[in-house]
Amino acid sequence: MNYSNLLFDADDTLFDFPKAAELAFHALCRANDLPDTPEARRLYETINRSLWDAFDRGEISKETLTTLRFVRFLEALGLERNPEKCDQDYLAALGAGVYPTPHAQEVCEVLSQTHRLYLVTNAVASVQRSRLQGSVFAPLFSDAFISEEAGAAKPQKAYFDYVLSHIPGADERNCLVIGDSPATDLLGANNAGLPCCWYNPNGLPRPAELRIDWEIADLRELYEIV
Ligand SMILES: [Mg+2]
């Protein structure tokens, strides 16, 4: 065995986040009488993405992100609604659903018999806990490390220091970080000196400045690696 501890990113690696986000947006619109159109959805996604990018760069807090995204969205729509309620409705809907990415469930079921599986995720803790607990993945994972609870986030080394300190016997050789994001998962593994595997199902060009130990387009390729 090469790596006894597998550190999986959640969104867009094991969880089909776009699908969950689309259904949550519909629920948000229904509950708040907002226009449920592709244009409104794109507007929200643009605002949300730019705030998550700012969060990943360490410029804003999670609290700022979750309130500000609906303040800006409602401003852009020119509608008067309660942004806090919008955020609560959206997060509640988001927390209700987990949709596995292709082969994610099978791969986790197989690997959980021989390895210890952990989630390493930058997310709103209440949402991610609720999604994980209600999902097929819950019994397969030994633990979940959510940035909000860790007091640091990917790609900070401090986040991975926290993760390693909570995994019995973990060190820089027996852990493998598996994720889709060069900016958080791979850079984080580079910062922490951990081996990493890039899940790149869309064949994006390889970022030159990062050490990438493995690259896969299908999660089942992990069987040969780990
Ligand atoms: Mg991801």
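The residue count restarts for each chain, going from 1 along the sequence in the order it is written. Whole-chain, interface and lining totals are the exception, using all residues; otherwise, since this is a predicted model, local features are given only for residues with pLDDT of at least 70 and side-chain atom pairs are given and counted only at 80 or more. Each side-chain value is worked out from all heavy atoms of the structure, with water and hydrogens disregarded.

1. A look at the overall build of the protein
Here is step 1: A count of helices and strands for the protein gives 10 helices and six strands.
Here is step 2: Taking the principal axes of its C-alpha atoms as reference, the protein extends roughly 55 × 35 × 35 Å.
Here is step 3: Looking at the protein as a whole, 49% of its 226 residues are labelled buried.
Here is step 4: Accessible surface, the protein: about 10400 Å² in total, of which carbon and sulfur atoms supply 51%.
Here is step 5: Only four residue types enter the tally: Lys and Arg on the positive side, Asp and Glu on the negative side, with His and both chain ends excluded. Where a charge lies is defined by one atom per residue type: Lys uses NZ, Arg uses CZ, Asp uses CG and Glu uses CD. Measuring between centres, the 20 positive side-chain charges of the protein sit 1 Å from its 34 negative side-chain charges. Secondary structure counts use DSSP, requiring at least four H or I residues in a row for a helix and at least two E residues in a row for a strand, with both numbered from the N terminus. Relative accessibility decides the category of a residue: with a 1.4 Å probe and only protein chains considered, values under 20% of the type maximum give buried, values over 50% give exposed, and everything between is partly exposed. Surface accessibility follows the Shrake-Rupley procedure with a 1.4 Å probe radius. Residue values consider only the protein chains on display as shielding.

2. Considerations on the side chain of Thr121
Here is step 1: Looking at the element boundaries, Thr121 is found in strand E2 (residues 116–121).
Here is step 2: Any two residues having at least one pair of non-hydrogen atoms within 4.5 Å are treated as being in contact. In this structure Thr121 touches Ala10, Gln128, Phe145, Ile146, Ser147, Lys154 and Tyr159, once residues within four positions along its chain are discounted.

3. Overview of the domain arrangement of the protein
Here is step 1: In this document the domain limits rely on a domain assignment from an automatic tool or a database. Each assigned domain of the protein is listed here: domain 1 (5–16 + 100–225) and domain 2 (17–95).
Here is step 2: Its C-alpha centre places domain 1 at a distance of 25 Å from the equivalent point of domain 2.
Here is step 3: On the side of domain 2, 13 residues touch domain 1, which itself brings 15 residues to the contact.
Here is step 4: Of the roughly 1100 Å² buried at the junction of domain 1 and domain 2 (both faces included), carbon and sulfur atoms supply 57%.
Here is step 5: A pair is scored as a salt bridge if a Lys or Arg side-chain nitrogen falls within 4 Å of a carboxyl oxygen belonging to Asp or Glu. Between the two partners, domain 1 and domain 2, sit zero salt bridges.
Here is step 6: Two N or O atoms form a polar contact when they lie within 3.5 Å of each other; inside protein one atom must be a possible hydrogen donor and the other a possible acceptor, and for residues adjacent in sequence the pair counts only when both atoms belong to side chains. Our enumeration of links across domain 1 and domain 2 arrives at five residue pairs in polar contact (both at pLDDT 80 or more).
Here is step 7: Looking at the side of domain 1 that touches domain 2, the elements that each hand over two or more residues are helix H6 (125–133) and helix H7 (147–150).
Here is step 8: It is H6 that contributes the most residues to the side of domain 1 that touches domain 2, three residues altogether.
Here is step 9: Amino acids are sorted into nonpolar (Ala, Val, Leu, Ile, Met, Phe, Trp, Tyr, Cys and Pro), charged (Asp, Glu, Lys and Arg) and polar (every other residue, Gly among them). Of the residues belonging to the side of domain 1 that touches domain 2, the class tally is six nonpolar, four polar and five charged. Using a 1.4 Å probe, buried area is obtained as the accessible area two parts lose upon being combined, added over both of them.

4. Let's talk about the sheet that holds strand E3 (residues 143–146)
Here is step 1: Pairs of strands are assigned from DSSP output, requiring at least two bridges between the strands. Taken together, six strands build an open sheet; the order of strands is E3-E2-E1-E4-E5-E6 and the sheet is parallel. Single-partner strands in this sheet number two, and they are E3 and strand E6 (214–216). Taking each pair of neighbouring strands and ignoring which way they run, the sheet shows an average axis angle of 20°.
Here is step 2: Where strand E1 (residues 5–8) meets strand E4 (residues 175–179), four bridges bridge the pair, whose relative direction is parallel. Bridging across to E4, Leu6 finds its partner in Leu176.
Here is step 3: With respect to the sheet, helix H8 (residues 157–165) is in contact with E1, E2, E3 and E4, its orientation differing from that of E3 by roughly 160°. Lines are fitted to the C-alpha atoms to define the axes, a helix being fitted only along its stretch in contact, and any angle between axes, read from their N-to-C directions, falls within 0 to 180 degrees.

5. What to know about the coordination of the magnesium ion
Here is step 1: Protein coordination at the magnesium ion comes from Asp9 (OD), Asp11 (O) and Asp180 (OD), with a distance range of 2.1 Å.
Here is step 2: When the donor residues of the magnesium ion are listed from N- to C-terminus, their spacing reads D-x1-D-x168-D. Residue Asp9 is located in the loop between E1 and helix H1 (17–32), and its partner Asp180 is located in the loop between E4 and helix H9 (182–192); the two are separated by 171 residues in the primary sequence.
Here is step 3: Note on Asp9: relative accessible area 6%, which makes it buried.
Here is step 4: Of the residues examined, Asp180 reaches a relative accessible area of 21% and is grouped as partly exposed. Each metal's donors are the N, O and S atoms found within 2.8 Å of it, except that Na, K and Ca use a 3.2 Å limit; water is left out, so coordination can look incomplete.

6. Quick look at the packing of H1 against helix H4 (residues 83–95)
Here is step 1: The N-to-C vectors of H1 and H4 enclose an angle of 135°; their axes lie 8 Å apart at closest approach. Classified by the interaxial angle, the pair formed by H1 and H4 is oblique. Considering how the two elements wind past one another, H1 and H4 form a crossing that is right-handed. Side by side, H1 and H4 meet where Phe17, Ala20, Ala21, Ala24, Phe25, Ala27, Leu28, Ala31 and Asn32 of the first sit next to Lys85, Cys86, Asp89, Tyr90, Ala93 and Leu94 of the second.
Here is step 2: Along the lines of polarity and charge, the residues of the contact of H1 with H4 split into 12 nonpolar, one polar and two charged. Any angle between 65 and 115 degrees counts as roughly perpendicular, while under 35 counts as roughly parallel, over 145 as roughly antiparallel, and the rest as oblique. Crossing chirality is assigned from the near helix's rotation relative to the far helix, an anticlockwise turn below a right angle marking it left-handed and a clockwise turn marking it right-handed.

7. Description of unusual backbone geometry
Trans is the prevailing form of peptide bonds, just as negative phi is the prevailing case for residues other than glycine.
Here is step 1: Residues Lys154 and Pro155 are joined by a peptide bond in cis, for which omega reads 10°.
Here is step 2: You can see Pro155 is positioned in the loop between H7 and H8.
Here is step 3: Look at Asp12: it is not a glycine, yet its phi comes out positive at around 70°.
Here is step 4: As for its placement among the helices and strands, Asp12 is situated in the loop between E1 and H1.
Here is step 5: Under the relative-accessibility criterion, Asp12 is labelled partly exposed at 33%.
Here is step 6: Located in the positive-phi region is His103, a residue other than glycine, with phi close to 70°.

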